[in-house]
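Fold and contact review
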Amino acid sequence: MKVEKFVEIVGSDFYTGVPDSQLKPLCNYLMMKYGINKEHHIIAANEGNCVAIAAGYHLATGKIPVVYMQNSGEGNIINPVASLLSGKVYAIPMIFIIGWRGEPGVPDEPQHIFQGEVTIKLLEDMGIQAFVLTKETTEDKLTDIMAQYRGLLELGRNVAFVVRKGALSYDAKVKYENAYCMKREEIIEHIVQVSGDDPIISTTGKASRELFEIREKLGQGHQYDFLTVGSMGHSSSIALGVAINKPNTKVWCIDGDGAVLMHMGALAVIGATAPENLVHVVINNGAHETVGGMPTVAESLDIVSMAIACGYSYAVSVDNTRDLERALMTAKTNVGLCLIEAKCAIGSRDDLGRPTTSAIENKNMFVEYLKGL
Ligand SMILES: Cc1ncc(C[n+]2csc(CCOP(=O)(O)OP(=O)(O)O)c2C)c(N)n1
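Conventions we followed
Residues numbered from 1 in each chain as written. Predicted model: local features only at pLDDT ≥ 70, side-chain atom pairs only at ≥ 80, totals over all residues. Heavy atoms only, no water. Axes fitted to C-alpha atoms, helices over the stretch in contact; angles between N-to-C directions. Helix = DSSP H or I, 4+ residues; strand = E, 2+ residues; numbered from the N terminus. Parallel < 35°, antiparallel > 145°, perpendicular 65-115°, else oblique. Contact = heavy atoms within 4.5 Å. Nonpolar A, V, L, I, M, F, W, Y, C, P; charged D, E, K, R; others polar. Near = heavy atom within 4 Å. Polar contact = N/O pair within 3.5 Å; in protein donor to acceptor, adjacent residues only side chain to side chain. Domains from an automatic or database assignment. Left-handed = near helix turned anticlockwise from the far one by under 90°. Buried < 20%, exposed > 50% of the residue type's maximum accessible area, 1.4 Å probe, protein only.

1. Structural notes on the packing of helix 1 (residues 3–10) against helix 2 (residues 24–33)
Each packed pair of helices is defined by two parameters, the angle between the axes and the distance between the axes. Here helix 1 crosses helix 2 at 80 degrees, and the two axes come no closer than 10 Å. Taken together, the axis directions place helix 1 and helix 2 in an arrangement best described as roughly perpendicular. In contact with V3, E4 and V7 of helix 1, helix 2 contributes P25, L26 and Y29. By residue class, the composition of the contact of helix 1 with helix 2 is five nonpolar, no polar and one charged.

2. Overview of the site of the ligand
What surrounds the ligand is a group of 20 residues, the closest being E47, R184, G258, A287 and T290. Within the side chain of E47, one N or O atom sits 2.6 Å away from a nitrogen atom of the ligand. A distance of 2.6 Å separates an oxygen atom of the ligand from a polar atom in the side chain of T290. Counting residues per element, the ones that place at least two in the shell around the ligand are helix 10 (257–262) and strand 11 (287–288). Counting residues per element, the shell around the ligand draws most heavily on helix 10, at four residues. Taken together, the residues that form the shell around the ligand break down as seven nonpolar, nine polar and four charged. Residues lining the shell around the ligand come from more than one domain, with at least three contributed by each of domain 1 (3–163) and domain 2 (184–371).

3. Examining the packing of helix 7 (residues 184–195) against helix 13 (residues 321–333)
Relative orientation of the contacting elements helix 7 and helix 13 amounts to 35 degrees, with a least axis distance of 10 Å. Here the hand of the crossing between helix 7 and helix 13 comes out right-handed. Seen from helix 7, the contacting residues are I187, H190, I191, V194 and S195; seen from helix 13, they are T321, L324, E325, L328, M329 and K332. Its residues assigned to classes, the contact of helix 7 with helix 13 comprises six nonpolar, three polar and two charged.

4. Quick word on the environment of G256
With respect to the element layout, G256 can be found in strand 9 (residues 251–256). On the basis of relative accessibility, which here comes to 14%, the residue G256 falls in the buried class. The spatial distance from the C-alpha of G256 to the C-alpha of F114 is 24 Å, given a sequence separation of 142 residues. Those residues in contact with G256, other than ones at most four positions away along the chain, are T203, V282 and I283.

Shown next as structure tokens:
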């Protein structure tokens, strides 16, 4: 179904979400129609934030908001759904539009398999009525479902459209750009060169895929790297746990701006714990590049000041390779908690592959490697 028709039938004028590749037609449509616009469209830091913003919108307007997200974000919404939206608490209605990664029977990446299996069940358990939108769903069917949904929404209930791959389409081509020149893959290659034999924990999305391919290209093993293929926003906390327990080695975290925003409290805890051997590199393209390039709010954020305020002892922002190399060398030799923000262009190679080792193999190699440090 064309996304324009879908949005018309859903009939809401406020959307908040975290972008998803499977919902690219919807995300691109919202960006073209509204951009980022406080009255109609806000891209939030995590899916729980979306629920809270949407709840505030409903309290203030009495109208029904929409939260859009990948099913990976279900964990992030469970707390506000159970303790804010639920009929046993405030009975706040909203519509969820959820991209269904890892749908049973559809091949997908390891981090999506289990989440895909439990997607509908979790919604049922949370009292959210769900309808699976497919390529075959007609406008009449959707209109019927929305009529039923309106009855539930009036009672303060929550409803969802779980969107199968290819169910929505949007004809316009949308390209996201910024003013920076460094490519994420080049930045990661510089980190690999300077980090040498140190362990690296990399964030979800293309950063981990690029790290894997750089090791292949350089003929290096993958034992140095823990690829956080899911758990967006948590790689820096994994790195903290490793760094505390391996105090005699430098531990590197390769993070993304969207991931940092998603669980920004981690910065405060890392800063307060202050392991002297942790280097946190935030590759900031101001975008959720992995899922299509839709913006984050990080482009104008002062990440260096945030890090210093949280207790990092060294923090610097770089936007070219010469300054990047210098900052990486300082971090390698410095004793103290470091953050490097690397300003980065939006984009990646078209032929970027995916890790050819399984997640369990990746973990086992990494654990064996850590034992020797
Ligand atoms: C909880 C959760 N929500 C959404 C996603 C979908 N997702 C995967 S990567 C990504 C964007 C990550 O952005 P950023 O950290 O800035 O890295 P970039 O892709 O720009 O390198 C998103 C939204 C996810 N994996 N998990």
